[in-house]
Amino acid sequence: MNASTSRSDITPSDDSTQVAKKRLCITSEQFVWRFSPSQTDPELLEAIFVGRESLLQNVLEKIHDSATSGSTQHVLLWGPGGIGKSHFLSLLFHRLNNDKQLHSAIRIAKLNEDETSTSMVQFLVRVYRALGRTYPDEFSLAWLDEVLNHPPDEVADILTRRLVARFEKRRLVILVEHLSQLFDSLGAEGQHHLRTLLQEHPFACLIATSQQLFMAVSDRSEPFFGFFQPIPLRPLSLQDAQQLLLKIATFKDQKDLVDFLNTPEGQNRVRAVYDLAGGNHRVYIVLSRFLTRDSLDQLVAPCQRMLDDLTPFYQERIHSVSPLQRQIVELLCSEHRTLNPKEIARRLLLTEQSIGKQVRNLVEIGYLTSQKKGRETYYELSEPLMRLTYELKDSRLLIEFLRTWYSVNENEQLRLAVQSGAVQSYLDADGDRSAAQTPPRITQLGDDLELAEAQGYIVSHAKSFQEKAAASKAVTEWFQAGYYFAEIKKDHKQALQFYAKVLQVAPDHVAAKLSRGNCLLALHRWEEGFASIRDALACDQDASNQLGDSASMFGLIFRLSEDYDRLQARINMLFGVYEQVAMNRGFPGDLVQSKRGSVNPLLHLADGLVKSLTKIDSDRVTSVVLQGYVLAVEQRAAKRPEFEIALRLFRYGIRYLMRHNEADFVEILQPERNILRQSLGLVHT
Amino acid sequence: MKANPGGNLDPRQVYGRDALIEMLWDRLDSQSILINAERRIGKTQILRKMLLEPRPPWKPVFRDLEKIHSAQEFAELVYDDVQQFLGKAEKARNFVRRLLEENETDYVSLKARTWKQLLTSAVEDLMKARQQQRLVFFWDEVPYMLESIRKNDGPKLAAEVLDTVRSLRIEQSAFRVIFTGSIGLHHVLNRLSAAGIPTSAKNDMFQVTVTPLAPIDAERLAGDLLQGEGILTDVRPDIVSTLAEEVDYFPYYIHHVVAGLRIEQLSATEANIRDYVTRQLVDASDPWQLAHYRTRLTAYYPDNNDADKAAVILDVLALLGNPSDSLSVDEILSSAQARGAHVKDRNELLQLLRAMDADHYLTRDLDGRYHFRFPLIRRWWRLDRGL
């Protein structure tokens, strides 16, 4: 999958998917083993493989090179749990097995991931047994069974000689997972023996996986230092994740889900999941089990089912560390923020020194990530999902927030329509110029705007725009004209006139009422403004989710309020409007969606609060005023669960506007940190 | 040709070592050899090339001694290798000879002899053999084995093993070995000396230090790898020279960079190469395992806070403007003391500097002034220490 593929081009490879579908007779519920990819049919693994084709080719070429020259290559694929290592290795085995060119030059021993070896001889037995499974005619398991009657030292010698002899002119490719566990089990002595064998008789390539670059391969005093080429398996990109879900949906013949995934809204839903799950391959495999077109749109339910499904996995991960480390992980799971060792020690009633060592180890083994702020280091879980499986209530809050955050922005759509749609329609008009019925005025306007577009001077041709709207008398164009004057020219009075014209023709035009409301607020006509917004929202009983530009509403209130009392009053009025709407639409204060696909108006308002950060001109206001914004909003929203995340982000955002120092962000968790950076324009979205 | 950092290379893929290898074969005619080298410089690949392309009449036997933990294991390994080399006819002749000369009646008990007797018998058998080929042992990771023996059986035995092998080299003038080691043999010898057991175990050996490749060979390697991986279709001198220079002409890192460019699907431009190398130096997961230069200081210089002093010395040298800038001993002394290093006097400093030179941190120019041996390590040190 080419990472640069645009969104609109996301289509699965039809051929491999179709072939796999024809050959498989597995129910869609069972088809992808989410924790044991080696059990999944290889053709299916092939069909849903994303993002790493180039890497797989690279590794295959290395094995080719080893098989056809005197060199041997050893590769260590590493990355956190769920990143796709097992999938990769299983697919590698499948491709090697089917490679006719290599068939005579290599033999593959894919070691069973559930077995353990505590000595070199056990490892050799495992290798031989794996060969026996794949090539029973060449590597007799009956012979092996007889050999096992000898003392262990002799078994090691016999097997070593046998393998050396059998691979005099061929290469043995050993595929092994969890290399760090293998090396732990082998111990120092076993590792030395293994390295000696591989150095003295270089007939084998080791292709291994592990969760991190562990001591035995990265410390210069260890025997396997520098032995492997470490290749990190990077998290899936957003496009890879979308492609993966698309491929699985295609495979399962979920046509409406496929169609939805190809829409901007569908892709935004995946984007929201991506902020939670990152590029963890397993998460998308698990999520795919619960996805339908409707469930993806709604998002909370399938995500929570996914979390539920992953809970045993994460619980096992938590229980696999020492008791003290488990306490630290559990503490971080229960927190909404990052913690430094001092705070962790205080909460666990332990010394900072004992905590410091443990958290560093937890970072090394991939459980935690750290960020520095000055001399302090703050820690959080490296996988946000681990925390969310622990705190399911939080998960709902966060999923809803992300769903809203990434929803297709109606205002952005409008802006684009105004800036390009009008021009396009003029160009269209221009194309019709030769038609007898085209009014001459339209033609002239078409010329004007074409020239304007060519020179990049759309804005300066306001007059043309006005006239054009007057000439055509279409509601949409009146409305676009109004929007143009309000948002681009900042001529709210003129905009109001256009909105009035729209409402004359279409009295229930929700967008016009909302935009009129904003204009009125901008003109300090607060009561009328809120009334217009209230009116608009009351009209929208079919829950088409036109909820207004709440970011602009907050922005106007912050910018135009003369003192704190008026600021508070206007915040209260704004909240009052949306609380009423929420009540009317059946959102009684929790986050349950009352109707299919409808958005909680208060979540929309919360989303606007965070987005309003870009509308605050921090160079023109004092810190006291900025703090006043926070206080005023907190006064009204502190007890509302819909605002828990937004308030937190708003506080940190204001702090950033006061100090312009991103160091404070280390105190908040991913993906909230990501959202905040987006809202402040610090990262490309 | 594919990039293969860390793996075993086909002998044809070992670049730039032909002259060195010729010299080693020449030297073997007159004495055994001790190869010193920084880890990952390619000494094992040199031995492997010699193993697979031996110069007649030499018959090399390669052994990685990391798995050997006792003198007895070592002696048995040598004995078995010799017997295998000699073949059945010679073995039988040796048995008869022992029977007649030494009244040895039980062949099996030969193995029950002390390790010293076993080792001596093995070498004697070898020297008396009528063979057209000459056996030479390539013993890799000798210091590891000696450290194991020292820890398990005490320093006296470790010293005895070394001294016995040395004696055999002197008594049996045709007996030849090549020792190599990743950790310096001098560290092992220092520990033995510190334990009151000095040994002159390497005095008779020709000592050679393997250096990074010559620029022309490094550039050729870089070019062939880039082409082999399909990253470059035509070799561009500026690109290969940048790549080779960025990694101080270490073949291992040249392989690494090319492998990395391939994995990340980057084109071979100077900017990409420099950026890639820099990223390896600052990556928290330390993919090139350079942190060892810092962490091993305490193991190498355990006494009198020498590790801290060594770190300060490296800081001082790293802060110089250019990689080739150097300082005299006196300049290092005053700068180190100014940075808080408690260096007692000039003599103490000199001792430490010499050790750091032997351990490949530093090198001296022709005026006796010190600087980092490898600019790459200097660069990493600066970044790691936040200088």
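Residues numbered from 1 in each chain as written. Chains lettered and ligands numbered in written order. Predicted model: local features only at pLDDT ≥ 70, side-chain atom pairs only at ≥ 80, totals over all residues. Heavy atoms only, no water.

## Focus on the overall build of chain A
Let me state the cut-off plainly: Here a strand is any run of E in DSSP of at least two residues, a helix any run of H or I of at least four, and the numbering for each starts at the N terminus. Each residue is assigned to one of three classes by its accessible area relative to the maximum for its type, calculated with a 1.4 Å probe on protein chains only: buried under 20%, partly exposed between the two thresholds, exposed over 50%. Contacts are assigned to residue pairs that have any heavy atoms within 4.5 Å of one another.
For chain A, the helix and strand inventory stands at 33 helices and seven strands. Scored against the burial criterion, the 685 residues of chain A give a buried share of 56%. Counting only contacts in chain A whose residues sit at least 6 apart along the sequence, the fraction spanning at least 24 positions is 69%.

## A look at the packing of aromatic side chains
Quick note on the threshold: Classification of ring pairs rests on two measures: the distance between centres of Phe, Tyr or Trp rings, Trp counted by its six-membered ring, which must be within 6.5 Å, and the angle between planes, read as stacked under 30 degrees, edge-to-face over 60 and tilted in between. In our convention, an over-ring charge means Lys NZ or Arg CZ found within 6 Å of a ring centre and within 35 degrees of that ring's normal.
Applying the stated criterion across every chain, the model contains 36 aromatic pairs over all chains. Ring geometry for Phe74 of chain B and Trp139 of chain B: centres 5.0 Å apart, planes at 75°, overall edge-to-face. Taken as a pair, Phe74 of chain B in helix α3 (residues 71–102) and Trp139 of chain B in strand β3 (residues 134–140) lie far apart in primary sequence, 65 residues in all. There is no split in this pair, since Phe74 of chain B and Trp139 of chain B are both buried. Taken together, the aromatic side chains of Tyr128, Tyr135, Phe139, Trp143, Phe167 and Phe203 of chain A make up a single cluster linked through ring pairs. When the ring centre of Tyr135 of chain A is taken as reference, the NZ or CZ atom of Arg107 of chain A above it lies at 4.8 Å. Positioned above the aromatic ring of Phe206 of chain B, the side-chain terminus of Arg27 of chain B is 4.1 Å from the ring centre.

## What about the sheet that holds strand β1 (residues 75–78) of chain A?
In any sheet, the strands associate via hydrogen bonds between backbone groups, in a parallel or an antiparallel arrangement. All names here are of chain A. The criterion, for reference: A pair of strands is labelled paired if DSSP reports no fewer than 2 bridges between them. Structural elements are reduced to axes, namely lines fitted to C-alpha atoms, with helices fitted over the stretch in contact, and the angle between N-to-C directions of any two is expressed from 0 to 180 degrees.
The strand order across the open sheet built from five strands is β2-β3-β4-β1-β5, with neighbouring strands paired in parallel fashion. Pairing within the sheet leaves two strands with one partner each, and these edge strands are β2 (106–110) and β5 (229–232). Ignoring which end each strand starts from, the neighbouring axes of this sheet average 15° apart. Bridging between strand β3 (residues 171–176) and strand β4 (residues 204–210) involves five bridges; their strand directions are parallel.

## Comments concerning the side chain of Gln229 of chain A
Filter applied, for reference: Between N or O atoms, a polar contact is any pair within 3.5 Å; within protein, one atom must be a potential hydrogen donor and the other a potential acceptor, and residues adjacent in sequence are included only when both atoms are from side chains.
In this structure, Gln229 of chain A sits in strand β5. A polar atom in the side chain of Gln229 of chain A sits 2.4 Å from the side chain of Gln73 of chain A. Among all residues touching Gln229 of chain A, those that are not within four sequence positions of it are Lys62, Gln73, His74, Val75 and Leu76 of chain A together with Ala3, Asn4, Pro5 and Ala259 of chain B.

## Some remarks on the confidence of the model for chain A
All names here are of chain A. Heads up, the condition is: pLDDT measures how confident the predictor is about each residue, on a scale from 0 to 100.
Of all residues in chain A, 82% have pLDDT values of 70 or greater, and the mean over the chain is 82. β3 holds the highest mean pLDDT among the elements of chain A, 96, whereas helix α1 (residues 14–23) holds the lowest, 49. Note that residues 1–14 has pLDDT below 50 and, in this model, 24 contacts with residues that lie over four places away or in other chains. For the stretch residues 422–443, pLDDT sits under 50, and the model shows 27 contacts to residues farther than four places along the chain or on other chains.

## Notes on the packing of helix α14 (residues 329–338) of chain B against helix α15 (residues 346–358) of chain B
Residue and element names in this part refer to chain B. Stated precisely, the cut-off is as follows: We call two directions roughly parallel when the angle between them is under 35 degrees, roughly antiparallel when it is over 145, roughly perpendicular when it lies between 65 and 115, and oblique otherwise. Residue classes follow a fixed rule: Ala, Val, Leu, Ile, Met, Phe, Trp, Tyr, Cys and Pro count as nonpolar, while Asp, Glu, Lys and Arg count as charged, and any other residue, Gly among them, counts as polar.
As a packed pair, α14 and α15 sit with axes 10 Å apart at the nearest point and diverge in direction by 105°. Judged on the interaxial angle alone, α15 and α14 are roughly perpendicular. Seen from α14, the contacting residues are Val329, Asp330, Ile332 and Leu333; seen from α15, they are Arg346, Leu349, Leu350 and Leu353. Across the contact of α14 with α15, the residue classes tally to six nonpolar, no polar and two charged.

## Some words on the pattern of salt bridges
This is how the line gets drawn: Salt-bridge detection follows one rule: a side-chain nitrogen of Lys or Arg within 4 Å of a carboxyl oxygen of Asp or Glu.
Within this structure, the stated rule accounts for 64 salt bridges over all chains. For Arg195 of chain A, the salt bridge is made with Asp64 of chain B, and the minimal N-O distance between the two is 2.6 Å. Pair noted here: Arg195 of chain A is in helix α8 (residues 179–200) and Asp64 of chain B is in strand β2 (residues 58–64), and the two residues belong to different chains. Per residue, the accessibility class of Arg195 of chain A equals that of Asp64 of chain B, and both read buried. As a salt-bridge pair, Arg12 of chain B and Asp10 of chain B come within 2.7 Å of each other at their nearest N and O atoms. The class of Asp10 of chain B is buried, set by a relative accessible area of 4%. A single network of salt bridges, built from pairs that share partners, joins Glu265, Arg269, Arg293, Asp297 and Arg403 of chain A.

## Examining the interface of chain B and chain A
Our working rule: Each of two parts loses accessible area, computed with a 1.4 Å probe, when they are put together; buried area is these two losses added.
Counting residues at the interface gives 39 residues for chain B, matched by 38 residues for chain A. Interface area for chain B against chain A, summed over the two sides, is near 3,200 Å², with a carbon-plus-sulfur share of 44%. It is Asn8, Arg39 and Gln289 of chain B in chain B that bury the most area against chain A; as a group they hold 18% of the surface buried on that side. Between chain B and chain A we count five salt bridges in total. Measuring nitrogen to oxygen at the nearest pair gives 2.5 Å for the salt bridge that ties Arg63 of chain B to Glu200 of chain A. For the interface between chain B and chain A, the tally reads 13 residue pairs in polar contact (both at pLDDT 80 or more). It is helix α10 (residues 251–263) of chain B that contributes the most residues to the side of chain B that touches chain A, six residues altogether. Class assignment of the residues belonging to the side of chain B that touches chain A gives a composition of 13 nonpolar, twelve polar and 14 charged.

## Here we look at the nonpolar core
Inside soluble globular proteins, nonpolar side chains tend to come together where they are buried. Residues and elements named next belong to chain A. This is how it is decided: Residues enter a nonpolar core if they are buried and are Ala, Val, Leu, Ile, Met, Phe, Trp, Tyr or Cys, with the set joined through side-chain atoms within 4.5 Å.
Ranked by internal contacts, the top residues of the largest apolar core, which has 120 residues, are Leu385, Phe558, Val633, Phe643 and Phe650. Among the elements that line this core, the one with the most residues is helix α32 (residues 644–659), at nine residues. When sequence neighbours within four positions are dropped, the list of residues in contact with Leu385 reads Leu276, Ala277, Val283, Met306, Leu307, Leu310 and Tyr314.

## Some details on the pairing of β3 of chain B
All names here are of chain B. Among the seven residues in β3, six count as buried, and that is most of the element. Direction of pairing for β3 relative to strand β4 (residues 176–181): parallel, over a ladder of four bridges. From the neighbouring strand, Phe138 faces β4, where its bridge partner is Ile178.

## Focus on the environment of Thr250 of chain A
Residues and elements named next belong to chain A. Relative to the helices and strands, Thr250 is located in helix α10 (residues 238–251). Each C-alpha atom, one on Thr250 and one on Gln304, is 23 Å from the other, the two residues being 54 residues apart in sequence. Reaching out from Thr250, the side chain makes a polar contact with the backbone oxygen of Leu246 at a distance of 2.7 Å.

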